[in-house]
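# Remarks on the overall topology
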Amino acid sequence: MAVYQVVAVPDEVLRTRAKPVTKINQGVLRLLENMRDTLYEMEGLGLAAPQIGVGRRVIVYDVGEGLVEAINPVVVEQEGEQTGMEACLSVPNARGRVTRAQRVVVEALNRYGEAIRLEGEGLVARVLQHEIDHLDGILFVDRAEWVERDRA
Ligand code: ZN
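Residues numbered from 1 in each chain as written. Predicted model: local features only at pLDDT ≥ 70, side-chain atom pairs only at ≥ 80, totals over all residues. Heavy atoms only, no water.

### What to know about the overall build of the protein
We apply this condition: Numbering of helices and strands starts at the N terminus; helices are DSSP runs of H or I of at least 4 residues and strands are runs of E of at least 2. Atoms counted for the radius of gyration: C-alpha only. Globule rule: 2.2 Å times the number of residues to the power 0.38. We call a residue buried when its accessible area falls under 20% of the maximum for its residue type, exposed when it is over 50%, and partly exposed in between, using a 1.4 Å probe and counting protein chains only. In this analysis, two residues are considered to be in contact whenever any of their non-hydrogen atoms come within 4.5 Å of each other. Shrake-Rupley sampling with a 1.4 Å probe provides the accessible areas, and residues are treated as covered by the protein chains on show and by no other component.
Along the protein, the regular secondary structure elements total three helices and eight strands. Sequence-ordered secondary structure for the protein, helices as α and strands as β, is α-β-β-β-β-β-β-β-α-α-β. Taking 152 residues into account, the globule formula puts the C-alpha radius of gyration at 15 Å, and the protein, at 14 Å, falls close to it. Counting only C-alpha atoms and orienting by the principal axes, one finds that the protein spans roughly 40 × 35 × 30 Å. In the protein, buried positions account for 45% of the 152 residues. Put simply, 65% of the contacts in the protein that link residues at least 6 apart link residues at least 24 apart. Of the accessible surface of the protein, which amounts to about 8100 Å², a share of 46% is contributed by carbon and sulfur atoms.

Take a look at the structure:
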């Protein structure tokens, strides 16, 4: 088990476009495991590789229905609109109101290199969009109508 320190703003890696995974090797499998361990340790809903300092297009999430891993995820369909509060492990002590698509379809690869299709509505759709944004160097604060910061 390897829990990583989650990278926080203003670290450069959070603002850099992550590179696609071209080959699923031991390094990628280890990355998936470290991301899973870190996600559960930090009690987050989702985590993108740049958040542990790795500039690769890999995300993991668990909204209470088990862990989902996605390599090179791409949103291929989106519809509707939802507005809700978001927070991010990489932006400590902040929350903001963000409008996103209500439903998305994402194509990706699983750890075996097989094409997978993830469909999500509501919270799942929100988490997918938030994590895929991380791969493009975008943070929820960029999309938020307003951001509330705790003085913790
Ligand atoms: Zn985040």
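Back to the write-up after that little detour.
### Some points on the environment of Met-35
In this fold, Met-35 is placed in helix α1 (residues 26–42). Expressed as a C-alpha distance, the spacing of Met-35 and Lys-19, which sit 16 residues apart in the sequence, is 17 Å. Residues contacting Met-35, with those up to four places away along its chain left out, are Leu-47, Ala-48, Ala-49, Ile-52, Val-58, Ile-59 and Val-60.

### Concerning the side chain of Gln-82
Turning to its location among the elements, Gln-82 is positioned in strand β4 (residues 82–88). Residues in contact with Gln-82, not counting those within four places in the same chain, are Val-98, Thr-99, Arg-100, Ala-101, Gln-102, Gly-122, Ala-125, Arg-126 and Gln-129.

### A look at the pattern of salt bridges
Put simply, the rule reads: Only one rule defines a salt bridge in this text: a Lys or Arg side-chain nitrogen within 4 Å of an Asp or Glu carboxyl oxygen.
Counted under the stated rule, the structure contains 17 salt bridges. Taking the shortest distance from any N to any O, the salt bridge between Glu-69 and Arg-111 comes out at 3.0 Å. Remark: Arg-111 occurs in the loop between β6 (103–109) and β7 (115–121) and Glu-69 occurs in strand β3 (residues 68–79); sequence separation between them is 42 residues. Residues joined in a network through salt bridges with shared partners are Glu-77, Glu-79, Arg-103, Glu-107, Arg-117 and Glu-119.

### Some details on the sheet that holds strand β1 (residues 46–48)
What counts is decided by this rule: Following DSSP output, two strands are said to pair if at least two bridges run between them. Only the stretch in contact is used when fitting a helix axis, every axis being a line fitted to C-alpha atoms; angles between N-to-C directions are given from 0 to 180 degrees.
Pairing in this open sheet of five strands is antiparallel, and the strands run β1-β2-β3-β6-β7 from one edge to the other. Of all the strands in the sheet, just β1 and β7 have a single pairing partner and so form its edges. Neighbour-to-neighbour, the strand axes of the sheet open up by a mean angle of 40°, direction not taken into account. Two strands pair when backbone bridges link them, and β3 and β6 are joined in this way by six bridges, in the antiparallel orientation. Looking across to β6, one finds that Ile-71 is bridged to Leu-109.

### Structural notes on the side chain of Asp-62
Keep this limit in mind: In this count, Lys and Arg are taken as positive residues and Asp and Glu as negative ones, while His and the chain termini are left out. Distance and chemistry together define a polar contact, namely a pair of N or O atoms within 3.5 Å, with one atom able to donate a hydrogen and the other to accept it when in protein, and with adjacent residues in sequence counting only for side-chain atoms on both sides.
Inspection of the secondary structure assignment puts Asp-62 in the loop between β2 (58–61) and β3. The buried charged residue Asp-62 lacks any salt bridge partner; its closest oppositely charged side chain belongs to Arg-36, at an N-O distance of 9.5 Å. A distance of 3.1 Å separates a polar atom in the side chain of Asp-62 from the backbone nitrogen of Gly-66. Contact partners of Asp-62, with chain neighbours within four places excluded, come to Leu-39, Tyr-40, Gly-44, Leu-45 and Leu-67.

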